[in-house]
Amino acid sequence: AKHIREATALVLEMAKQDDAAAMGHTVRGAKGIAVFPSMIEAGFGIGGQSGEGVVMARNKNGTWSGPSFVSLVGGSFGLQIGIAKVGLVLVINNDNGMRVFTGGKSFKLGAGIDVAAGPVGRDAGMGTDSRAKASIYSYSMSEGAYIGITIKGATINVNRDANKAYWNKKTEAKAALSRPATSKMITPLIAAFKVLIQKAD
């Protein structure tokens, strides 16, 4: 519940920014989203980051499935200098990017999966024009501003304990992300996604 509340707060804060249109555009066409609300130790572009995240899958009809829970460890975050706590959102743009979140195994960002800094700015068309260039777009936010960032070498692991706690039984990522997101616990996060998507209109 704590992960979901913090993820919801991060998405809503991103939606408030003046340049949220491009991000909303990419989210509107996404296959899924992973939200890491409290990445820590992201200073001076060095490794050592860690954080817990929530992954949601977006269906063809615009509804959502999930969640599945994950953790992110290590890697280098470009353009983040002197920041101790960072919110991170990964917009999953295609089936290739989505498969790594449903495979049930750890995977390293950048190892066969293209991860690029997400388009930012008031020109929402950037999201559509660029989306095919990377399987995953990354966005970061700290102290009331967000930018597209690059991530290299970070490892994402399934948080099986959190999945079990949410679904009340052992649940693999693929199964979790195929189940309709109808729980009262997850609906605030879905509502936050809708707010962000509306910024693209």
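Residues numbered from 1 in each chain as written. Predicted model: local features only at pLDDT ≥ 70, side-chain atom pairs only at ≥ 80, totals over all residues. Heavy atoms only, no water.

Focus: the overall build of the protein chain
Stage number 1. Scanning the protein chain for helices and strands turns up 7 helices and 11 strands.
Stage number 2. Counting every position in the protein chain, which comprises 201 residues, the buried fraction comes to 51%.
Stage number 3. Taking as baseline every contact in the protein chain between residues at least 6 positions apart, the subset at least 24 positions apart corresponds to 73%.
Stage number 4. Total accessible area on the protein chain is roughly 9,100 Å²; 53% of this is exposed by carbon and sulfur atoms. (Helix = DSSP H or I, 4+ residues; strand = E, 2+ residues; numbered from the N terminus. Buried < 20%, exposed > 50% of the residue type's maximum accessible area, 1.4 Å probe, protein only. Contact = heavy atoms within 4.5 Å. Areas by Shrake-Rupley, 256 points an atom, 1.4 Å probe, with all protein chains shown as cover.)

Digging into the confidence of the model for the protein chain
Stage number 1. Residue-level pLDDT values for the protein chain average 82, and 77% of them are 70 or greater.
Stage number 2. Every residue in residues 126–131 scores below 50 in pLDDT, and together they form 13 contacts with partners more than four places removed in sequence or on other chains. (pLDDT = per-residue confidence, 0-100.)

Focus: helix H3 (residues 95–102)
Stage number 1. Those residues of H3 lying buried are Gly97, Met98, Val100 and Phe101. Axial view of H3: buried residues confined to an arc of 155 degrees, hence all on one face.
Stage number 2. The backbone nitrogen of asparagine 96 lies 3.3 Å from a side-chain oxygen of the residue at the head of H3, namely asparagine 94.
Stage number 3. Just downstream of H3 lies glycine 104, where phi reads positive at about 80 degrees. (Arc of directions from axis to C-beta. Polar contact = N/O pair within 3.5 Å; in protein donor to acceptor, adjacent residues only side chain to side chain.)

Quick look at the pairing of strand E3 (residues 64–73)
Stage number 1. Burial analysis of E3 places 9 of its 10 residues in the buried class, which makes it a mostly covered element.
Stage number 2. Where E3 lies against strand E11 (residues 155–158), 4 bridges are found, and the strand directions are antiparallel. Looking at the pairing, valine 73 lines up with threonine 155 of E11. (Pairing = 2+ DSSP bridges.)

Focus on the layout of surface pockets
Stage number 1. By volume, the largest pocket amounts to about 260 Å³.
Stage number 2. Looking at the largest pocket, the residues that line it are Gly29, Ala30, Lys31, Ala57, Arg58, Asn59, Lys60, Asp95, Met98, Arg99, Thr102 and Leu177.
Stage number 3. Within the residue set of the lining of the largest pocket, elements represented by two or more residues are strand E2 (50–58) and H3.
Stage number 4. Among the elements that take part in the lining of the largest pocket, H3 stands out by supplying 4 residues, more than any other.
Stage number 5. Among the residues forming the lining of the largest pocket, the class breakdown is 4 nonpolar, 3 polar and 5 charged. (1 Å grid on protein atoms, 1.4 Å probe; cavity = no way out; pocket = protein on both sides within 12 Å on 5 of 7 lines; lining within 4 Å. Points joined across faces, edges and corners; volume = space filled by probe spheres on them. Nonpolar A, V, L, I, M, F, W, Y, C, P; charged D, E, K, R; others polar.)

Observations concerning the packing of aromatic side chains
Stage number 1. Tallying each qualifying case throughout the model produces 4 aromatic pairs.
Stage number 2. Ring plane angle 35 degrees and centroid distance 4.6 Å describe the contact between tryptophan 64 and phenylalanine 193, whose orientation is recorded as tilted. With tryptophan 64 in strand E3 and phenylalanine 193 in helix H7 (residues 187–198), this pair connects stretches of sequence that are 129 residues apart. A single burial state applies to tryptophan 64 and to phenylalanine 193, both of which are buried.
Stage number 3. With a centroid separation of 5.2 Å and 75 degrees between ring planes, the pair formed by phenylalanine 101 and phenylalanine 107 is classed as edge-to-face.
Stage number 4. These aromatic residues form a ring-pair network of at least three members: Phe69, Tyr166 and Trp167. (Phe/Tyr/Trp six-rings, centres within 6.5 Å; stacked < 30°, edge-to-face > 60°.)

Some details on the pattern of salt bridges
Stage number 1. One pass over the full model with this rule turns up 4 salt bridges.
Stage number 2. Across the pair glutamate 172 and arginine 160 runs a salt bridge whose closest N-O atoms are separated by 3.7 Å. Separated by 12 residues along the polypeptide, glutamate 172 in the loop between helix H5 (160–167) and helix H6 (173–176) and arginine 160 in helix H5 bring together distant segments of the chain. (Salt bridge = Lys/Arg side-chain N within 4 Å of Asp/Glu carboxyl O.)

Topic: the nonpolar core
Stage number 1. With 34 residues, the main nonpolar core has Val35, Met56, Trp64, Val89, Ile186, Leu189 and Phe193 as its most contacted residues.
Stage number 2. Not counting chain neighbours up to four residues away, the residues in contact with isoleucine 186 comprise Ile4, Met56, Pro67, Tyr166 and Ala181. (Core = buried A, V, L, I, M, F, W, Y, C linked by side-chain atoms within 4.5 Å.)

Observations concerning unusual backbone geometry
Stage number 1. Following glycine 66, the chain continues to proline 67 via a peptide bond in cis, the omega torsion being 15 degrees.
Stage number 2. Mapping proline 67 onto the fold places it in strand E3.
Stage number 3. Of note in this structure, asparagine 168 is not a glycine but carries a positive phi near 65 degrees.
Stage number 4. Mapping asparagine 168 onto the fold places it in the loop between H5 and H6.

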